[in-house]
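So the chains spell out like this:
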Amino acid sequence: MSLFLRQSLTIAGKDLRAEWRTKEALNASLAFSMVILVLFSFALDPNPEMMQEFSGGLLWLVFLFAGALVLNRSFAREMQNDCLDALLASPVPPAALFIGKALANYALLMTLELVCLAEFGILFNVRWLANVGPLMIVMAVGTWALTVVGTLFSALTVNLRLREVMLPVLVYPMMVPPMMAAMILTTDLLAGTALGPGNMLWIRVLVGFDLVFTLLGVSFVDTVLVG
Amino acid sequence: MSLFLRQSLTIAGKDLRAEWRTKEALNASLAFSMVILVLFSFALDPNPEMMQEFSGGLLWLVFLFAGALVLNRSFAREMQNDCLDALLASPVPPAALFIGKALANYALLMTLELVCLAEFGILFNVRWLANVGPLMIVMAVGTWALTVVGTLFSALTVNLRLREVMLPVLVYPMMVPPMMAAMILTTDLLAGTALGPGNMLWIRVLVGFDLVFTLLGVSFVDTVLVG
Amino acid sequence: MRNRIMLLLTVAFAALLAWNLKNILLGLPDEARQDAVYRILYFHAPAAMVGLTGFGVGMVFSGIYLATKNLYWDTLAASTTEVSLMFAAINLVTGSIWGRQQWGVWWAWDARLTSMLVCWLIFAGYLMLRRAIDEPDTRARLSAVVSLFGTVNAWFVYKVIEWFPRLQHPGPVLSFRTGGKIDRALETPFYWNVLALCLLAVVLVMIRMRQESLTREIDSLRRLAHA
Amino acid sequence: MNALEIDGVWKYFGDFPALRDIGFKVTAGSVVALLGRNGAGKTTLLRILAGLAKPSKGSVRIYGSEVREEPTRRRIGVLGHGISLYDELTATENLVLFGRLYGIDDPAKRAHQWLERTGLDRVRDGLVREFSRGMRQRLAVARTFIHDPELLLFDEPFTSLDDRAIAVLQSLVIEAQQRGCTIVMSTHQLREAIELSTHVALIRKGQLAYSGERRQEMLDDPGWLYRTFEEEGPS
Amino acid sequence: MNALEIDGVWKYFGDFPALRDIGFKVTAGSVVALLGRNGAGKTTLLRILAGLAKPSKGSVRIYGSEVREEPTRRRIGVLGHGISLYDELTATENLVLFGRLYGIDDPAKRAHQWLERTGLDRVRDGLVREFSRGMRQRLAVARTFIHDPELLLFDEPFTSLDDRAIAVLQSLVIEAQQRGCTIVMSTHQLREAIELSTHVALIRKGQLAYSGERRQEMLDDPGWLYRTFEEEGPS
Ligand code: HEM
Ligand SMILES: Nc1ncnc2c1ncn2[C@@H]1O[C@H](COP(=O)(O)OP(=O)(O)OP(=O)(O)O)[C@@H](O)[C@H]1O
Ligand SMILES: Nc1ncnc2c1ncn2[C@@H]1O[C@H](COP(=O)(O)OP(=O)(O)OP(=O)(O)O)[C@@H](O)[C@H]1O
Ligand SMILES: [Mg+2]
Ligand SMILES: [Mg+2]
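This structure is a prediction, so every number in the text was calculated from the model and none was measured.

Colleague: Would you mind showing me how to read the site of ligand 3 here?
Modeller: Taken together, 16 residues lie near ligand 3, and C:Glu135, E:Lys42, E:Thr43, E:Thr44 and E:His188 sit nearest. Two or more chains meet at ligand 3, and those chains are chains C, D and E. At a separation of 3.0 Å, an oxygen atom of ligand 3 approaches a polar side-chain atom of E:Asn38. Measuring from an oxygen atom of ligand 3, one finds a side-chain N or O atom of E:Glu156 at 3.2 Å.

Take a look at the structure:
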């Protein structure tokens, strides 16, 4: 187990270091998130009261759209020089590879989301600092859902001609349950409602989803990558 | 000029034929548009009155997001076996290549948008048949704006590692003026207002944008592709 | 032998359907509130049942494929999922028609409706993925994983959306769920029609199976010729 | 007459000079083996000759006129690393497409002729995606030849091909030369290249190290050229 | 002891049998040239040996154990078409990364040793992206060797390399063999391959057409093998 973890961390470290060197995926997805926030604001022309109602939804939409770009890069990065082959030929089990890539994606997505949140707060005048603790928890749990499903499907679609299209087409519908939960919770939190028995249900959905799909991901990544 | 047109049509025909054979880009972007419509409905929780206000904005957002997938494929298709090199080495001027690809993209985007419009009408209960003539004109003119900018940037980003990210990051901000015009016009039309002196301004914006950027595209595609 | 079974099933289906139609259209009284339209229920709900069950069955076949690596099971899984998708589409379309009649709109973002749509999209993604992969083994392996993830997800979608705050769609009416809310005379033909649609599903799956194996044979012959 | 006149061509990638003052002439009808180590600049030069990139300095004239002019491009045939064929189209469709783009008369007939000549007649309606590597390469050759080019530019045409595919390609090259075509061809397979060629050009770190007729020494010992014109040292 | 035991291996892509009942043994310490025409199945076989794909039928045993078992994979070194290096990392970082993944002691030291041995010491902190093709290939070799593999699997290692790079690679192969490594190597460059090898395996349309020791005939005339074991016919 300790070896497994060390291998995962090595993989994650490698991804983060490569990304850190160029910052391209992160910069691009940040720019992208900014662009879609602006587009949303044009499209919806939101007045402050409405904003209250939408905030959670819009925020997670931005996370989803910008996140897909990060996830897309994740395994695509391994294709450049056939690096994936070398990783699979090494004694690292595919599950460790999966967890490693998921951890790196998680770090990137969380960074992305925090910046988005700040942008969002400023552009749409949403006060998110009030409930920041619970908000972070919701973001952390919701983002893991996106990460784990996204990473597996990134591995699954990496050899397709239409990779950049197939990933969102497969992942977004699957993200409906956790996204709904996250959207509802976030809207509540931004409106000042605390986490409590009233929305415990949604927390449970998120945690349950995370657990089930992490398990599925770890068990099936071998099938996806090697056969 | 006739030769130029014939060459453009040959290129467009080739693209459409290849797409027709697999229908992958079209299918995928249709599925994607459906998926984002569902996501929007979750995020915005729209009640009928609100919908009236947003419809144009949402519709064009969907066109933009799903359209990016089609545009991304456009020059990416030429990279598979270094086909672009063969086209550039042939006596076809880059401008004809550009117009040919733009025409193919235009056909694909219009098809996509018409299906999206139907979906949108059904799912969000928007009656678009009332003003269908002017609506088609706005769509035709607005889509050409997206096509011409998108095709040029598809050529520009095709060699980048981060192609699928860079295209929207570059194109979406550029699309703000025509999209704003198209969104406002579409919302008006869907609300039953006819085209008239009141919104002539926006029509002019669209047509002006189309003309200027078609001209720019035709003049600079040579620089983009050959240097 | 296989043909004989298929013929037999087809005849059984046709006879049963005719008998059901006679009962439903002529034997049952019009409903007080809805006139004759309520009869759409006899196709609407069974289609959903057959479709959703079919997705589950498809997952089982996919699991068997992964265990045995015998392409027969993959073909079976694909055919089943495809036919189920068609039944889900029947449910959506009949529901929309019914909704237009009852609610005045084609679509409402009601929990039940949305969950069906999301399930449909998930498995539409499955079929699209199959189209995007040429090599039969890879296609079988990856789509089996998508089927597994999709079905688990569909279950989540179903559970989670039930808690979604907006409900417009009628709740369960069948007596085995509610302990007798619906008149016995109205209910019996319902079950017979479920059986009829099941028969149809089996016949369709068999037809698809044969087409698929023919396609595969042609494909491999062509590949041998081109090798 | 000179098929190709390269005069003082420089190519910078940023500050890095990939080509430095390359200049030589190729008489019509000759076969030039363009040799050089990895990164010498062969591909860069061939892309400039094909009009796919512009030189930073210097000029290239093909049969006396500019590369990017349309009539000139009609006289060039290019076959690079990739095969430049559309996977989703059939063999015939690919050839007809390029025939149209080159504006030849009756592209369907020409396509048919070339399919026969490259032995692909049997699979002319098969999608390129389903072709084996050898078949693709042969179709790529047919595409290159469809408009009867006078100057052929090949970049590593033999890479990853087996002996038989190489033999087919070689015979096509010889045939083209007999029809009067001029051929410039880069490769690392010295033996095959030198056997085919009438002239040799050697690029060393972006500079022309040798250009001239093929000599007997090269035929006898393909390594001779490198030993003579490249000093050894850490790369 | 046998380094490699391939027994009745079939591989289907759908209904198409890319490998048909391949079976041979490789004794430890030998160098096997895996030959065959385009599409014969060399890459497919090597991927199965490396554990990157699973055979449809049959078994592969490496030093007596399963390929996908961790201890076995520690004994294999793979170098495929691509170079399997990260462009955004430096040479040292790449080697240290793979050293870690293979769980070797003091990966930094080993990386340093191998950079020296492949002559890349000078550029050890340069990003791979900036390397020339020859340098990349040498670094790829260092990556393959970093965990002291006993069985080396090479797929077309000489493709697109110049004479000097090929010589470096050849000397590394010879050195590895002297250390007792077993090597299986596919290539179309018959002459280079046969000169290096002790054994030859020839695949013809997915079937083993010949396997055994290298013979004098092959050395004298690299074409001999194909002429003897492949009947000609339209491909
Ligand atoms: C597009 C619109 C609609 C969709 C997608 C839809 C979807 C569904 C689904 C998935 C089921 C199966 C439930 C199950 O077996 O668990 C169902 C059942 C049913 N639907 Fe709809 N429906 C739609 C519109 C309507 C409308 C407009 C009505 C009537 C006003 C209606 C009445 C019913 C009834 C009575 C049942 C049987 C309930 C049960 O016993 O579970 N549906 N519908
Ligand atoms: N697009 C580019 N950007 C930056 N540098 C480049 C580019 N293309 C080539 N170079 C550099 O120019 C030099 C010449 O490259 P080129 O590809 O022409 O060499 P080559 O002779 O074809 O080598 P090989 O035998 O490996 O194909 C190399 O140092 C290479 O790194
Ligand atoms: N992923 C795949 N899907 C379908 N068919 C494949 C796949 N990979 C290989 N094949 C087929 O299997 C056969 C063997 O291919 P392989 O790549 O192993 O040949 P090879 O001997 O390496 O050829 P080359 O010398 O051209 O590299 C070919 O007919 C090829 O078309
Ligand atoms: Mg080159
Ligand atoms: Mg191979």
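Colleague: I keep staring at the packing of helix H3 (residues 91–101) of chain D against helix H5 (residues 133–145) of chain D and nothing clicks. Help me out?
Modeller: Packed helix pairs are characterised by how far apart their axes lie and by the angle those axes make with each other. Residues and elements named next belong to chain D. Packing of H3 against H5 brings their axes to within 9 Å, and their N-to-C directions diverge by 25°. Looking at the two axes, H3 sits roughly parallel to H5. Note that H3 runs across H5; the crossing there is right-handed. Of the residues in H5, those in contact with Ala-91, Leu-95 and Phe-98 of H3 are Leu-139, Ala-142 and Arg-143.

Colleague: I tried to follow the site of ligand 2 on my own but got confused; where do I start?
Modeller: All names here are of chain D. Residues in close proximity to ligand 2 total 14 residues, the closest being Gly-39, Lys-42, Thr-43, Thr-44 and His-188. Interatomic distance of 3.3 Å between a backbone N/O atom of Ala-40 and an oxygen atom of ligand 2. Within the backbone of Gly-41, one N or O atom sits 2.9 Å away from an oxygen atom of ligand 2. Coverage of ligand 2 by the protein amounts to 66% of the 630 Å² it exposes when considered alone. Listed by contribution, the elements that provide at least two residues to the shell around ligand 2 are strand E2 (16–27) and helix H1 (42–49). A total of three residues in the shell around ligand 2 trace back to one element, the largest contributor, which is H1.

Colleague: Looking at this structure, I do not really get the interface of chain B and chain A. What am I missing?
Modeller: Note: interface size is frequently given as the accessible area lost on complex formation between the parts. Contacts between the two partners involve 38 residues from chain B, matched on the other side by 37 residues from chain A. Each partner contributes to the roughly 3500 Å² buried at the junction of chain B and chain A, and carbon and sulfur atoms together form 81% of this total. Ranking the residues of chain B by area buried against chain A places B:Leu39, B:Arg161 and B:Glu164 at the top, with a combined share of 16%. Applying the counting rule to chain B against chain A returns one salt bridge. Where B:Glu24 meets A:Arg161, a salt bridge forms, and the shortest distance between an N and an O atom there is 3.6 Å. Mapped onto the side of chain B that touches chain A, the elements with two or more residues apiece are helix H2 (24–44), helix H3 (48–79), helix H7 (163–174) and helix H8 (176–190) of chain B. Counting residues per element, the side of chain B that touches chain A draws most heavily on H2(B), which supplies 13 residues. Looking at the side of chain B that touches chain A residue by residue, the class counts come to 28 nonpolar, four polar and six charged.

Colleague: Before we go on, may I ask you to explain the relation of the copies chain B and chain A in this structure?
Modeller: Put simply, the two copies of the chain differ by a rotation about an axis and a shift along that axis. Overlaying chain B with chain A gives an RMSD of 0.1 Å, the required rotation being 180° about an axis along which the chain moves by 0.0 Å. Taken together, the rotation and translation describe the operation of a two-fold axis. Closest approach to the rotation axis among the C-alpha atoms of chain B is made by B:Glu164, whose C-alpha sits 3.2 Å away.

Colleague: Hey, could you run me through the interface of chain C and chain D in this one?
Modeller: In this complex, chain C contributes six residues to the contact, which on the side of chain D involves eight residues. Each partner contributes to the roughly 530 Å² buried at the junction of chain C and chain D, and carbon and sulfur atoms together form 44% of this total. The tally of links between chain C and chain D comes to one salt bridge. Note that C:Asp134 is salt-bridged to D:Arg129, the shortest N-O span being 2.9 Å. Here chain C is connected to chain D by one residue pair in polar contact (both at pLDDT 80 or more).

Colleague: Teacher, can you tell me more about the environment of C:Val93 here?
Modeller: Tracing the sequence through the fold places C:Val93 in helix H3 (residues 71–102). Along the sequence, C:Val93 and C:His44 sit 49 residues apart, while their C-alpha atoms lie 8.5 Å from each other.

Colleague: Would you mind going over the packing of helix H1 (residues 2–22) of chain B against helix H5 (residues 94–123) of chain B with me for this structure?
Modeller: Residue and element names in this part refer to chain B. Contact pair H1 / H5: the axes reach a minimum separation of 7 Å and the direction vectors enclose 45°. Regarding the angle of H1 to H5, the classification is oblique. Once H1 is placed against H5, the crossing between them reads as right-handed. Here Phe-4, Gln-7, Ser-8, Leu-9, Ile-11, Ala-12, Lys-14, Asp-15, Leu-16 and Glu-19 of H1 lie close against H5, whose contacting residues are Ala-95, Ala-96, Leu-97, Ile-99, Gly-100, Lys-101, Leu-103, Ala-104, Ala-107 and Leu-108. Per-class residue counts for the contact of H1 with H5 are 13 nonpolar, three polar and four charged.

Colleague: What's the story with the environment of A:Asp188 in this structure? I'm lost.
Modeller: All names here are of chain A. Among the structural elements, Asp-188 can be located in helix H8 (residues 176–190). Of the residues examined, Asp-188 reaches a relative accessible area of 24% and is grouped as partly exposed. C-alpha of Asp-188 to C-alpha of Gln-52: the two residues are 136 residues apart in sequence and 9.2 Å apart in space. If we ignore the near neighbours within four places in the chain, the residues touching Asp-188 are Thr-193 and Asn-199.

Colleague: Just checking my understanding: could you explain the side chain of B:Arg77 for this structure?
Modeller: Looking at the secondary structure, you find B:Arg77 in helix H3. The class for B:Arg77 is buried, based on a relative accessible area of 7%.

Colleague: Is there a simple way to think about unusual backbone geometry in this case?
Modeller: Working note: non-glycine residues mostly have negative phi, and peptide bonds are mostly trans. Residues other than glycine seldom take positive phi values, yet B:Asn125 does so here, at roughly 60°. Here B:Asn125 shows up in the loop between H5 and helix H6 (132–157). Exposure remark for B:Asn125: the relative accessible area of 28% places this residue in the partly exposed category. Of note in the backbone geometry, E:Tyr63 takes a positive phi value of approximately 45° without being a glycine. On the secondary structure map, E:Tyr63 appears in the loop between strand E4 (57–62) and strand E5 (65–66). Classification of E:Tyr63 by relative accessible area gives buried; the value is 11%.

Colleague: Can you help me understand a nonpolar patch on the surface in this one?
Modeller: All names here are of chain A. Nonpolar side chains collect at one region of the surface, where Met-34, Val-38, Phe-42 and Leu-123 lie side by side and expose about 320 Å² of accessible area between them. Looking at the nonpolar patch element by element, the count peaks at three residues for helix H2 (residues 24–44). Tracing the sequence through the fold places Leu-123 in helix H5 (residues 94–124).

Colleague: Even after reading the chapter, I still don't get the sheet that holds strand E9 (residues 199–204) of chain E, so can you show me in this structure?
Modeller: Pairing between the strands of a sheet comes from backbone hydrogen bonds, and it takes one of two forms, parallel or antiparallel. Residues and elements named next belong to chain E. Taken together, the six strands give an open sheet; going across it, the order is E6-E7-E8-E3-E9-E10, and neighbouring strands pair in mixed fashion. Among the strands making up the open sheet, the edge pair consists of strand E6 (76–79) and strand E10 (207–213). Neighbour-to-neighbour, the strand axes of this sheet turn through a mean angle of 15°, independent of strand direction. Pairing geometry for strand E3 (residues 31–36) and E9, over five bridges, is parallel. From the neighbouring strand, Leu-34 faces E9, where its bridge partner is Ala-201. Lying on the sheet, helix H5 (residues 133–145) is in contact with E6 and strand E7 (151–155); it crosses E6 at an angle near 160°.

About the cut-offs
- Think of each chain on its own: its residues are numbered from 1, step by step along the sequence as written.
- As a convention, the first chain written is A and the first ligand written is 1, with the rest following in written order.
- Totals for whole chains, interfaces and linings use all residues, but because this is a predicted model, local features are given only for residues with pLDDT of at least 70 and pairs of side-chain atoms are given and counted only at 80 or more.
- Just so you know, side-chain values use all the structure's heavy atoms and leave hydrogens and water out.
- Only a single heavy atom is needed: when it lies within 4 Å of a molecule or strand, its residue is near that molecule or strand.
- What qualifies as a polar contact is a pair of N or O atoms within 3.5 Å, subject to a donor-acceptor requirement within protein and to the restriction that residues adjacent in sequence count only when both atoms come from side chains.
- All axes are obtained by fitting lines to C-alpha atoms, using only the stretch in contact for helices, and the reported angles, taken between N-to-C directions, cover 0 to 180 degrees.
- We count a stretch as a helix when DSSP gives it H or I for four or more residues in a row; a strand needs E for two or more, and each element gets its number in order from the N terminus.
- In this scheme, roughly parallel covers angles under 35 degrees and roughly antiparallel covers those over 145, while 65 to 115 is roughly perpendicular and the rest are oblique.
- For a crossing to be left-handed, the near helix must be turned anticlockwise from the far one by less than a right angle; the clockwise case is right-handed.
- Residue contacts are defined here by distance: any two heavy atoms, one from each residue, within 4.5 Å place the two residues in contact.
- Computed with a 1.4 Å probe, the accessible areas rest on the Shrake-Rupley method; for each residue, only the protein chains presented here act as cover.
- Two parts placed together each lose some accessible area; with a 1.4 Å probe, that loss summed over both constitutes the buried area.
- When a carboxyl oxygen of Asp or Glu is within 4 Å of a side-chain nitrogen of Lys or Arg, the pair counts as a salt bridge.
- As a working rule, the residues Ala, Val, Leu, Ile, Met, Phe, Trp, Tyr, Cys and Pro are called nonpolar, Asp, Glu, Lys and Arg charged, and the rest polar, with Gly in that last group.
- A least-squares superposition brings the copies together, and it is based on the C-alpha atoms of residues with pLDDT no lower than 70 in both.
- In this scheme, a residue with accessible area under 20% of its type's maximum is buried, one over 50% is exposed, and one in between is partly exposed, where area comes from a 1.4 Å probe on protein chains only.
- What makes a patch is a set of residues exposed beyond 30% relative accessible area and free of salt bridges, joined within 9 Å when like-charged and within 5 Å when nonpolar (Val, Leu, Ile, Met, Phe, Trp, Tyr).
- For two strands to be treated as a pair, DSSP must find at least two bridges joining them.

Shape descriptors only; they carry no functional weight alone.
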